[in-house]
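What follows is the residue order along each chain.
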Amino acid sequence: MHTASRRTIAELTDESRSAGLVRAEVTDEDVALFCSGMSQRLAADRATTQDDWRRAARFVLIGLGVPYELLPPKRVPHAHLDPGAADV
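Residues numbered from 1 in each chain as written. Predicted model: local features only at pLDDT ≥ 70, side-chain atom pairs only at ≥ 80, totals over all residues. Heavy atoms only, no water.

Colleague: Hey, could you run me through helix H1 (residues 2-18) in this one?
Modeller: Given 3.6 residues to a turn, an α-helix orients residues that are three or four positions apart in the same direction. Helix length check: H1 (17 residues) gives 24 Å between terminal C-alpha atoms against 24 Å at 1.5 Å per residue, within 8%. One or two steps after H1, the chain reaches glycine 20, where phi turns positive at roughly 75°. (Helix = DSSP H or I, 4+ residues; strand = E, 2+ residues; numbered from the N terminus. Expected span 1.5 Å × (residues − 1).)

Colleague: Please clarify how the layout of surface pockets should be interpreted in this entry.
Modeller: A volume near 190 Å³ is recorded for the largest pocket. Elements with a minimum of two residues in the lining of the largest pocket: H1, helix H2 (28-44) and helix H3 (50-64). In terms of residue count, H1 provides more of the lining of the largest pocket than any other element does, 4 residues in total. By residue class, the composition of the lining of the largest pocket is 9 nonpolar, 2 polar and no charged. (1 Å grid on protein atoms, 1.4 Å probe; cavity = no way out; pocket = protein on both sides within 12 Å on 5 of 7 lines; lining within 4 Å. Points joined across faces, edges and corners; volume = space filled by probe spheres on them. Nonpolar A, V, L, I, M, F, W, Y, C, P; charged D, E, K, R; others polar.)

Colleague: Please clarify how the environment of leucine 61 should be interpreted in this entry.
Modeller: Following the sequence through the fold, leucine 61 ends up in helix H3. What makes leucine 61 partly exposed here is its relative accessible area of 26%. For leucine 61 and leucine 71, which are 10 residues apart along the polypeptide, the C-alpha to C-alpha distance reads 7.2 Å. Residues contacting leucine 61, with those up to four places away along its chain left out, are Val66, Leu71 and Pro72. (Buried < 20%, exposed > 50% of the residue type's maximum accessible area, 1.4 Å probe, protein only. Contact = heavy atoms within 4.5 Å.)

Colleague: Explain the packing of H2 against H3 here, please?
Modeller: Helices that pack against each other are described as a pair by the angle of their axes relative to one another and the distance between those axes. Two elements in contact, H2 and H3, have axes whose closest approach is 11 Å; the angle formed by their N-to-C orientations is 160°. One element, H2, and the other, H3, form an angle in the roughly antiparallel class. Where H2 crosses over H3, the handedness of that crossing is right-handed. In this structure, H2 contributes Val31, Phe34, Met38, Ser39, Leu42 and Ala43 to the contact, and H3 contributes Asp52, Trp53, Ala56, Ala57, Val60 and Leu64. In the contact of H2 with H3, the residues fall into 10 nonpolar, 1 polar and 1 charged. (Axes fitted to C-alpha atoms, helices over the stretch in contact; angles between N-to-C directions. Parallel < 35°, antiparallel > 145°, perpendicular 65-115°, else oblique. Left-handed = near helix turned anticlockwise from the far one by under 90°.)

Purely spatial values, then, with no claim about function.
So this is what it looks like as structure tokens:
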């Protein structure tokens, strides 16, 4: 599974570089390091929210050079997570 996921990361990184969606110098090792570090840190904190994950993902994507218009929104409206919840 590890080998398959690393191969997928490498392929997606190559495609993203070729399409100009990330900086030219970004490597699959960079992507793996960012994602691994972010995941370990956020998973260790029991108080981490969906918005915390989204905020961290935005920082990683900005660091990789993803154009602003392609970034995910800063927060997920509650209605998208739970159709019965009120959006605050």
